[in-house]
Amino acid sequence: NAGVTQTPKFRVLKTGQSMTLLCAQDMNHEYMYWYRQDPGMGLRLIHYSVGEGTTAKGEVPDGYNVSRLKKQNFLLGLESAAPSQTSVYFCASSYSYGGPKNQPQHFGDGTRLSIL
Amino acid sequence: EDQVTQSPEALRLQEGESSSLNCSYTVSGLRGLFWYRQDPGKGPEFLFTLYSAGEEKEKERLKATLTKKESFLHITAPKPEDSATYLCAVRMAGNMLTFGGGTRLMVKP
C-alpha cells in the first residue's frame, strides 16, 4: 500500500515560472489537504478538499490554486512562483470528520521547492 | 484564535535519560489532539490521538497524556532512534488541524 504519494520530490524554479505539484492517495479518503512547512512556522494549511470536485481555502492560500478532479488526486498549482514560496510542501489525506473517530491525517513525504 | 504552542523547541538527552515534551493549546472546543513524529526528509507519521482530559495512550517508550489545557509526550529511557521532531496538532471543525512548531529531540548514545 503506497498511502500518500507526492511528485516531484524536489524542484527548483525561477521567479515567475509556474508549476503543479501532484498528490495521489490510495486509501479512498474523502478529505485531502496541502500544507507548507517552514522553519519556525510549523505546518500551515494552504487549501483543502472535502470531496471530489470541491476545494476550500486554508490559512495561507494566496498565490496557490488547487483542483480535485478525481477523488484520489489533489493538485497544487503555483501560477507565478515567488521566492516567498520556497518551502517544503506536504499533502495529506483523511476520512471525513464523520468517519472513523480515531482516523488521523496521513502525510506524504513532501516536495522540496526552491524559487530563485 | 486557536493556538498550539510546543516547548521546548529543541531537547538534547542522553540515552536512557527520560523527559517530557509539552504541547499547550487554546481552542474553543477540543475535537481531538494528535501527536506526530517527523524524521528528516519525511512526512509526519501519526503516533497518538487523545480526546478528553485524563486520557493516556502508550506506544513502546512513549506515553501521551492530556489535560484541559495541555498535553505531554513522556519519553522513558529514550534510545538514539527516538531522535526526531515531534509535532502536536489540535483538530478544529471539519477535521482541519492546527499544528504547533514542533520539538526537535536529539538522543545521544
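Further up the page is the structure itself.
Bear in mind the structure is a predicted one, so any value in this text is a computation, not a measurement. (Residues numbered from 1 in each chain as written. Chains lettered and ligands numbered in written order. Predicted model: local features only at pLDDT ≥ 70, side-chain atom pairs only at ≥ 80, totals over all residues. Heavy atoms only, no water.)

Concerning the overall build of chain B
Here is step 1: Counting its secondary structure elements, chain B contains zero helices and 11 strands.
Here is step 2: For chain B, the sequential pattern of α-helices and β-strands runs β-β-β-β-β-β-β-β-β-β-β.
Here is step 3: Rg of the C-alpha trace for chain B: 13 Å, near the compact-globule value of 13 Å for 109 residues, within the 12% margin.
Here is step 4: The principal-axis extent of the C-alpha atoms belonging to chain B is close to 40 × 30 × 20 Å.
Here is step 5: Going through the 109 residues of chain B one by one, you find that 46% of them count as buried.
Here is step 6: As displayed, chain B offers around 5,200 Å² of accessible surface, 48% of which is attributable to carbon and sulfur atoms.
Here is step 7: Distance from the positive charge centre (14 side chains) to the negative charge centre (14 side chains) of chain B: 2 Å. (Helix = DSSP H or I, 4+ residues; strand = E, 2+ residues; numbered from the N terminus. Rg over C-alpha atoms; globule rule 2.2 N^0.38 Å. Buried < 20%, exposed > 50% of the residue type's maximum accessible area, 1.4 Å probe, protein only. Areas by Shrake-Rupley, 256 points an atom, 1.4 Å probe, with all protein chains shown as cover. Lys, Arg positive; Asp, Glu negative; His and termini not counted. Charge placed at Lys NZ, Arg CZ, Asp CG, Glu CD.)

What about the side chain of Q37 of chain A?
Here is step 1: In this fold, Q37 of chain A is placed in strand 4 (residues 31-38).
Here is step 2: For Q37 of chain A, the side chain forms a polar contact with the side chain of Q38 of chain B, separated by 3.0 Å.
Here is step 3: Aside from chain neighbours lying at most four places away, what touches Q37 of chain A is G42, L43, S87, V88 and F90 of chain A together with Q38 and L87 of chain B. (Polar contact = N/O pair within 3.5 Å; in protein donor to acceptor, adjacent residues only side chain to side chain. Contact = heavy atoms within 4.5 Å.)

A look at the pairing of strand 11 (residues 111-115) of chain A
Residue and element names in this part refer to chain A.
Here is step 1: Of the two faces of strand 11, only the one carrying T111, L113 and I115 is buried; R112 and S114 on the other face are not.
Here is step 2: Bridge analysis of strand 2 (residues 10-13) against strand 11 gives four bridges, and the strand direction is parallel. Bridging across to strand 11, F10 finds its partner in R112.
Here is step 3: Of the strand pairs in this sheet, strand 9 (residues 87-94) and strand 11 are connected by three bridges, and their pairing is antiparallel. Bridge pairing links Y89 to T111 in strand 11. (Pairing = 2+ DSSP bridges.)

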